[in-house]
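An overview of the molecular structure
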Number of protein chains: 2
Amino acid sequence: MTNLEEWLNRHLLELNLTDEMDYENGFTRLSYTEEEKQAHQAFSRIAENLGLDVHSDQAGNVWADWKTDTEAPVVALGSHVDTVSSGGGYDGVAGVLTALAAIKLLKDEDYTPHKNISVICFASEESARFGVSTIGSKAVSGLLDKDDLADVEDVEGVTIKEAVESFGLSWDTIDQAEKGEKELESFLELHIEQGTQIENNGADIGIVRGVACPIRLQITAEGMANHTGTTPMHRRSDAFAAIAPLITFVEEQANQMNEEQDVPLVATVSTVQLHPNVMNVIPGQVELGIDIRSVDDTLKKELADRIESFCRKIEDKRKIQVHLNTLVNNDSVFLDPNLQGKLAQVADQLHLNSLEMDSGAGHDVMNMAEKWPSGLLFIPCEEGISHHPKEYAPKADLAIGARVMAEYLKVETGEKP
Amino acid sequence: MTNLEEWLNRHLLELNLTDEMDYENGFTRLSYTEEEKQAHQAFSRIAENLGLDVHSDQAGNVWADWKTDTEAPVVALGSHVDTVSSGGGYDGVAGVLTALAAIKLLKDEDYTPHKNISVICFASEESARFGVSTIGSKAVSGLLDKDDLADVEDVEGVTIKEAVESFGLSWDTIDQAEKGEKELESFLELHIEQGTQIENNGADIGIVRGVACPIRLQITAEGMANHTGTTPMHRRSDAFAAIAPLITFVEEQANQMNEEQDVPLVATVSTVQLHPNVMNVIPGQVELGIDIRSVDDTLKKELADRIESFCRKIEDKRKIQVHLNTLVNNDSVFLDPNLQGKLAQVADQLHLNSLEMDSGAGHDVMNMAEKWPSGLLFIPCEEGISHHPKEYAPKADLAIGARVMAEYLKVETGEKP
């Protein structure tokens, strides 16, 4: 390992609050939990050791500032350290780790930037706990709808508001984490790709143009619960048997649309709740969650429409009611071409092959891009596996990411004379 | 309402620990919980008011004894008072209620039986909590496999052993609830039909010949969890999309077998667990629970075989593994023809139309029938709805059940000279 890789490895473990990365159950640091807080504290320790000024904002985001001139603009980098349940140790962590490593590289060179630099460790990026993602970066960019969210609950009935307050924050002031347009000049996030396009194209890094935001549907099928042993087949209204063909339909339609179109689309029936979900009762109610993504928003809409028509057909054919609820419908986000140009130029200088690509996953940068010129840099992760204990990014790729970020910071800030 | 109906209504409410029967969420008294215990206490109060001797056994079954001659045999009646989640107030309760009402009718007539009578309120009949049914009657009839069951957990990780002990019993002695063959002479259970055969045939009551015991399968499909946004359709191994056609297959095959055969069969995919079951992760693992019933055991086996073949085809076609686990495979139970004859004779005397029929649901009587001559009497329930808040049996039918049981007791015990 090079010195840089050794530094990355050590702090990768520290940010994951672990002595080794290879755990069968992966890492679980859900939004606004004690586990996320501990990872924030690890971030703060590393940043302080690099000589950065560390403070938290009203949404629980941790800011590590390198201030060289109070009059100068602020160039920001950042990502998050929370995870899904049994997730990996690189999703989010890779971004804050390489951003800190970029600072270290500049300091090791005695480079003093002409602008101020902030590394942001955003709170609560993953939607795993509350079904709501990127809470911290929404707050910073002024996109947090406090009234809409306060009562959203996790599976244990804890509301976001309660979680935020037990995290040591005040729900009333969470939106004060918002920064004015002038308070930042630009934002860059590094993230693991969570796919295999970089590898498939023989590239070293990915420079992202567009982020595909999802349409998320909740489908509720209402039949009639009854005893499995005493209800003849012809007298049932089994909500699960009735809605099951929709699971197949979503996959088939997504496959078909990928054959017909150049812009990729993905669609997944990713959640199910059965009521009452016991062995001797016919399912009376089923809730399915469907996640549809493409950078082409018309494709997403087209599939959502086909799903709705299919649900109506099921309703007509079977003794059940089907309700559709659109949980999320966000247009895709396109990143700053200027910033993409700078990243491509830096990659060239470092003799790296960079791939212009789109992101199928949402990231904190989506929110930041609504207010500031923003960029997203991908490094490969093994076999594209993510949100899984086997998620893995080689140290060499983390090191490449750190070097690209360091060179980008030089371009963006200029050296102080 | 007649006096008997009024008595039944009052004690129906008491056994359900309620002031009215019509609750949107029904009744929830899971196995070995405080709620089941409270219903047992209500049973005890009613029995004591009838002058019966009440005691609990080592499995938590409550026995209400009418002892008239310590040398005479014991004729037993009984059912249970636990429920599924959000179940009805008649499944189980109707049986203990009408048994107690039968005693009341005999006492009102100053009838003193020549044999002893016991009304048993069995513990933990429903499988809703632990996936294991009829625990109390298994213990009485010596069918409880203590070692096999001790570690079975409910959804909250509480084992049966822990639940039994927090119910105030000792797991070590639970099997001492077993009665010797000579300790009982016969057993009769009354239950709501949970179907509509009685009504469809214009009958008043059902006299059951055979009880269809289930084959229960657990199907586990193992794919690969991954990010819904970044994993292209062609690189997925989505366990839910892969196994979904099985849900449709089970229903189709059951329908087809009913067309081909005279003996009815029912099959239900009644449970599902998805892992991780979050919106932005492709399902990596799915567990389906399948319940198959018919009094013709070869039909059940045939469908289980077809399901296995179908799973193998899915495995061949898709990038997933499918494991089959047979949770339950019990042969159907046939009840005592002699006792059925007595019930038919009593029904005739009371000018009731009785229907000889089979039961699609399992009941405590299944276990009792392994050791003692046993019978099962059905009363209608509205639209066959059961295991549901809308479960309902008219007071008039409860009264008919009580009268049949009282007359049956006279036949079975003879009046003391």
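These numbers come from a predicted model, not from an experiment. (Residues numbered from 1 in each chain as written. Chains lettered and ligands numbered in written order. Predicted model: local features only at pLDDT ≥ 70, side-chain atom pairs only at ≥ 80, totals over all residues. Heavy atoms only, no water.)

**Some thoughts on the side chain of Asp82 of chain A**
Residues and elements named next belong to chain A. Condition: For the purposes of this entry, the term helix denotes a DSSP run of H or I that reaches at least four residues, the term strand denotes a run of E that reaches at least two, and both are numbered from the N terminus. Categorising residues by exposure relies on relative accessible area from a 1.4 Å probe, with only protein chains included: less than 20% of the type maximum marks a residue as buried, more than 50% marks it as exposed, and the intermediate range marks it as partly exposed. His is not counted, nor are the chain ends, whereas Lys and Arg count as positive and Asp and Glu as negative. We define a salt bridge as a side-chain nitrogen of Lys or Arg found within 4 Å of a carboxyl oxygen belonging to Asp or Glu. Counting of polar contacts relies on pairs of N or O atoms within 3.5 Å, with two restrictions inside protein: one atom must be capable of donating a hydrogen and the other of accepting it, and residues adjacent in sequence are counted only when both atoms are side-chain atoms.
If you trace the backbone, Asp82 turns up in the loop between β3 (74-80) and α3 (93-108). Summary of buried charges: Asp82 has no salt-bridge partner, and the nearest side chain of opposite charge, Arg29, is 7.5 Å away. Of note is the side chain of Asp82, whose polar atom sits 2.9 Å from the side chain of His80. Reaching out from Asp82, the side chain makes a polar contact with the backbone nitrogen of Glu126 at a distance of 2.8 Å.

**Re the sheet that holds strand β12 (residues 321-329) of chain B**
All names here are of chain B. We count it as follows: Between any two strands, at least two bridges found by DSSP are needed for them to pair. Angular values range over 0 to 180 degrees, each being the angle between N-to-C directions of two axes fitted as lines to C-alpha atoms, with helices fitted over their stretch in contact. Contacts: residue pairs with any heavy atoms within 4.5 Å of one another.
An order of β9-β11-β7-β12 is seen for the four strands of this open sheet, with the pairing classed as antiparallel. Two strands in the sheet have a free side with no partner beyond their single neighbour: β9 (266-275) and β12. Geometrically, the sheet is characterised by an average inter-axis angle of 15 degrees between neighbouring strands, direction not taken into account. Of the strand pairs in this sheet, strand β7 (residues 215-222) and strand β11 (residues 285-293) are connected by eight bridges, and their pairing is antiparallel. Pairing of Ala221 across the sheet is with Val286, part of β11. Running over the sheet, helix α8 (residues 239-260) touches β7, β9, β11 and β12 and is turned about 10 degrees from β11. Here helix α9 (residues 297-317) sits on the sheet in contact with β7, β9, β11 and β12, set at roughly 165 degrees to β12.

**Regarding the UniProt feature "binding site: allantoate" (unreviewed entry) in chain A**
Rules: UniProt positions are given in the numbering used here, feature names are shortened, and annotations may be inferred rather than shown by experiment.
Within this numbering scheme, the UniProt entry marks Arg216, Asn280 and Arg293 of chain A as carrying the feature "binding site: allantoate" (unreviewed entry). Spanning 78 residues, the named residues do not form one spatial group; their C-alpha atoms are separated by as much as 37.1 Å. Tracing the backbone through its elements, the reader meets Asn280 of chain A in the loop between β9 (266-275) and β10 (281-282). Since its relative accessible area comes to 5%, Asn280 of chain A is described here as buried. Setting aside residues up to four positions removed in sequence, Asn280 of chain A forms contacts with Asn226, His227 and Thr228 of chain A together with Val84, Glu126, Ser127, Arg216, Ser270, Arg293 and His387 of chain B. Within the fold, Arg293 of chain A resides in strand β11 (residues 285-293). Only 3.1 Å separates the side chain of Arg293 of chain A from the backbone oxygen of Gly360 of chain A, close enough to count as a polar contact.

**Section: the packing of α8 of chain B against α9 of chain B**
Residue and element names in this part refer to chain B. Going by this rule: Roughly parallel here means an angle under 35 degrees, roughly antiparallel means over 145, roughly perpendicular means 65 to 115, and every remaining angle is called oblique. Helix crossings are classified by the rotation of the near helix relative to the far one: an anticlockwise turn of less than a right angle makes the crossing left-handed, while a clockwise turn makes it right-handed. Classification convention: Asp, Glu, Lys, Arg as charged; Ala, Val, Leu, Ile, Met, Phe, Trp, Tyr, Cys, Pro as nonpolar; all other residues, Gly among them, as polar.
Two elements in contact, α8 and α9, have axes whose closest approach is 10 Å; the angle formed by their N-to-C orientations is 150 degrees. In terms of orientation, α8 lies roughly antiparallel with respect to α9. The way α8 lies across α9 gives a crossing that is right-handed. In this structure, α8 uses Ala242, Ile243, Pro245, Leu246, Phe249, Val250, Gln253, Gln256, Met257 and Glu260 to contact α9, whose residues at the interface are Leu299, Glu302, Leu303, Arg306, Ile307, Phe310, Cys311 and Ile314. Within the contact of α8 with α9, the residues separate by chemical class into 13 nonpolar, two polar and three charged.

**Thoughts on the relation of the copies chain B and chain A**
As a reminder, the rule being used: Least-squares fitting of one copy onto the other uses the C-alpha atoms of those residues that reach a pLDDT of at least 70 in both copies.
You can overlay chain B on chain A at an RMSD of 0.2 Å; the transform is a turn of 180 degrees with a shift of 0.2 Å along its axis. Here the symmetry operator amounts to a two-fold rotation axis. In terms of proximity to the rotation axis, the leading residue of chain B is Ala244 of chain B, whose C-alpha is 3.1 Å off the axis. Counting the interface residues of chain B, we find that 98% of their copies in chain A are interface residues as well, pointing to one common contact surface.

**Concerning the packing of aromatic side chains**
Residues and elements named next belong to chain B. This is how it is decided: In this scheme Phe, Tyr and Trp rings, the latter by its six-membered ring, pair at centre separations within 6.5 Å, and the angle between planes marks the pair as stacked below 30 degrees, edge-to-face above 60, and tilted otherwise.
As enumerated under the stated definition, the model contains 10 aromatic pairs over all chains in all. On the basis of an interplanar angle of 75 degrees and a centroid distance of 5.1 Å, the ring pair of Tyr32 and Phe167 is categorised as edge-to-face. Taken together, the residues span a long stretch of sequence, with Tyr32 in the loop between α1 (3-15) and α2 (34-49) and Phe167 in the loop between α6 (160-166) and β5 (186-192) at a distance of 135 residues. The exposure class assigned to Phe167 is buried, which follows from its relative accessible area of 6%. Measuring from ring centre to ring centre gives 4.1 Å for Phe249 and Phe310, while their planes differ by 15 degrees; the resulting arrangement is stacked. Of the two residues, Phe249 is situated in helix α8 and Phe310 in helix α9; the sequence distance between them amounts to 61 residues.

**Some points on the pattern of salt bridges**
Residues and elements named next belong to chain B. This model, assessed by the stated rule, comprises 40 salt bridges over all chains. For Lys104, the salt bridge goes to Asp108, with nearest N and O atoms at 2.8 Å. Pair noted here: Lys104 and Asp108 are both in helix α3 (residues 93-108), with a separation of four residues, about one helical turn. Among the ionic pairs, Lys371 bridges to Glu178, the shortest N-O distance being 2.7 Å.

**Some thoughts on the sheet that holds strand β12 (residues 321-329) of chain A**
In sheet architecture, strand pairing relies on hydrogen bonds along the backbone and comes in two forms, parallel and antiparallel. Residues and elements named next belong to chain A. What the four strands build is an open sheet, ordered β9-β11-β7-β12; its pairing is antiparallel. In this open sheet, the two strands that pair with only one neighbour each are β9 and β12. Mean inter-strand twist for the sheet, computed between neighbouring axes without regard to direction, equals 15 degrees. Relative to β11, β9 is paired through nine bridges, and the arrangement is antiparallel. Pairing of Thr271 across the sheet is with Gly289, part of β11. Along the sheet, helix α8 (residues 239-260) contacts β7 (215-222), β9, β11 and β12; its crossing angle with β11, the most-contacted strand, is approximately 10 degrees.

**Quick word on the interface of chain B and chain A**
Rules: What gets called buried area is simply the loss in accessible area from a 1.4 Å probe that two parts show on being joined, summed for both.
With 65 residues of chain B in contact, the opposing surface of chain A contributes 64 residues. When the two sides are added together, the surface that chain B and chain A hide from each other amounts to roughly 5,100 Å², 59% of it contributed by carbon and sulfur. Viewed at the interface, chain A and chain B are joined by two salt bridges. Note that Arg318 of chain A and Glu251 of chain B form a salt bridge whose closest N and O atoms lie 2.6 Å from each other. Applying the counting criterion to the chain B and chain A interface returns 19 residue pairs in polar contact (both at pLDDT 80 or more). Counting only elements with at least two residues in the side of chain B that touches chain A, the list comes to β7, β8 (226-227), α8, β9, β10 (281-282) and β11 of chain B. The element that contributes the greatest number of residues to the side of chain B that touches chain A is α8 of chain B, accounting for 10 residues. Partitioning the side of chain B that touches chain A into residue classes produces 29 nonpolar, 25 polar and 11 charged.

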